[in-house]
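Secondary and tertiary structure notes
Each chain, letter by letter, is given below.
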Amino acid sequence: MTVKQVGIIGAGQMGSGIAQVCASAGYDVVLLDVSKDQLAKALDLIERGLNRLVQKGKVNDTKTVLARIRTTSSFADLSNADLVVEAATEKEAVKRAIYDELKPHLKDSAIVATNTSSISITRLGAASGRAEKFIGMHFMNPVPVMQLIELIRGIATDDATFEATRKVAETLGKTVALSEDFPAFIVNRILLPMINEAIYVLYEGVGSVESIDTAMKLGANHPMGPLELADFIGLDTCLAIMGVLYEGLSDSKYRPCPLLVKYVEAGWLGRKAGRGFYDYRGETPVPTR
């Protein structure tokens, strides 16, 4: 199967990044979101991202790339898509509702990929109504910068779907890591418990936000401290992934830290909310604990 047009559902940070790399690789892109304001923000984010690449000498023509991206709020506009990437929020009920709305508009040969970072591909594939043509395609954040895509087959994903999706990932200039369909796959199965443990260290008073992040940046040579990274990912997303791990593996070591729960309850979701483990409302981020 040859993929020429890519549909992307969700124009948030992940969806806009996926749209940018797909358009840059020569694919025609249809970017869908229920919010027209969010679509406008996504196009602005993509343009700013491309302009930064121009300044670095990595991209020559932003207009050609932007011209390949069409925005819409109608699922009917995905009827010609060869591959549809769902990049909605990390809530299974939301994803299932999207698949219900998407089903009538897909052509028979279309592949549906989910960018979920933790939820069962087999279960989502069954909900999509086309399990053989359903696959996990987990991009890393920020998509234009990070080189990895995790590919996850559900129990029913057929070989043609897997090979076509892997080929697309490679044409995007990404490296593919294959993961079995276990909760949180590879990257987040390792990364999120580390972040959760850093939050426990803060919760127990072992160190402050600043000392924990400094310790991991300078002591483990991490480019970003775990609490800063949690704010970047989104604390609601971190909590959702820890919930999937805790429920899916029934192991107490994956229990979400109560402090993480409290921050999410307070609406302190990280950078996107202006406040998380750091307060981003001033000129420079300030630790909140």
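Everything discussed here concerns the structure shown above.
Below is a short write-up of the structure. (Residues numbered from 1 in each chain as written. Predicted model: local features only at pLDDT ≥ 70, side-chain atom pairs only at ≥ 80, totals over all residues. Heavy atoms only, no water.)

1. A short note on the pairing of strand E2 (residues 28-32)
The cut-off we apply is this: Partly exposed describes any residue whose relative accessible area lies between the buried limit of under 20% and the exposed limit of over 50%, with all areas from a 1.4 Å probe on protein chains only and scaled to the type maximum. Each helix is a run of DSSP H or I of at least 4 residues and each strand a run of E of at least 2, with the numbering of both proceeding from the N terminus. At least two bridges found by DSSP between two strands is the condition for calling them paired. When the strands point away from the viewer, a crossover counts as right-handed if the route from the first strand across the helix to the second turns clockwise.
Most of E2 sits inside the fold, with four of its five residues counted as buried. Bridge count between strand E1 (residues 5-9) and E2: five bridges; the pairing is parallel. Looking at E2, one finds that isoleucine 9 is bridged to leucine 32. Of the crossover connections in this fold, the one passing from E1 over helix H1 (residues 13-24) to the parallel E2 is right-handed. Looking at chain direction, E2 and strand E3 (residues 69-72) are connected through four bridges and run parallel. What sits directly across from leucine 31, in E3, is threonine 71.

2. Observations concerning the packing of helix H7 (residues 187-203) against helix H9 (residues 226-233)
Keep this limit in mind: Axis lines are fitted to C-alpha atoms, over the contacting stretch for helices. Their N-to-C directions set the angle, which ranges from 0 to 180 degrees. Handedness of each helix crossing follows the sense of rotation of the near helix against the far helix: counterclockwise by less than a right angle gives left-handed, clockwise gives right-handed. Contact definition: two residues touch when any of their heavy atoms are within 4.5 Å. When residues are sorted by character, Ala, Val, Leu, Ile, Met, Phe, Trp, Tyr, Cys and Pro go into the nonpolar class, Asp, Glu, Lys and Arg into the charged class, and all the rest, Gly among them, into the polar class.
Contact pair H7 / H9: the axes reach a minimum separation of 9 Å and the direction vectors enclose 120°. The element H7 and its partner H9 pack so that their crossing is left-handed. Facing Leu191, Met194, Ile195, Ala198, Ile199 and Leu202 of H7, the residues of H9 in contact are Pro226, Leu227, Leu229, Ala230 and Ile233. The residue makeup of the contact of H7 with H9, split by class, is 11 nonpolar, no polar and no charged.

3. Topic: the pattern of salt bridges
Condition: For salt bridges, the criterion is a side-chain nitrogen of Lys or Arg within 4 Å of an Asp or Glu carboxyl oxygen.
What the rule picks out here adds up to 12 salt bridges. The shortest N-O distance in the salt bridge between lysine 95 and glutamate 86 comes to 2.5 Å. Accessibility expressed as a relative area gives 1% for glutamate 86, which makes it buried. Members of the salt-bridge network, linked through shared partners, are Glu86, Glu90 and Lys95.

4. A few points about the packing of aromatic side chains
The geometry of two aromatic rings is summed up by the distance between their centres and the angle between their planes. Which entries qualify depends on this criterion: By convention, a stacked pair of Phe, Tyr or Trp rings (six-membered ring in the case of Trp) has centres within 6.5 Å and planes under 30 degrees apart, an edge-to-face pair has planes over 60 apart, and any other such pair is tilted.
Counted according to the given criterion, the structure contains five aromatic pairs. Ring centres of tyrosine 200 and tyrosine 203 lie 6.3 Å apart, and the angle between their planes is 65°; this geometry places the pair in the edge-to-face category. Placement of the pair is tyrosine 200 and tyrosine 203 together in helix H7, with a separation of three residues, close to one helical turn. Since its relative accessible area comes to 11%, tyrosine 200 is described here as buried. The exposure class assigned to tyrosine 203 is partly exposed, which follows from its relative accessible area of 42%.

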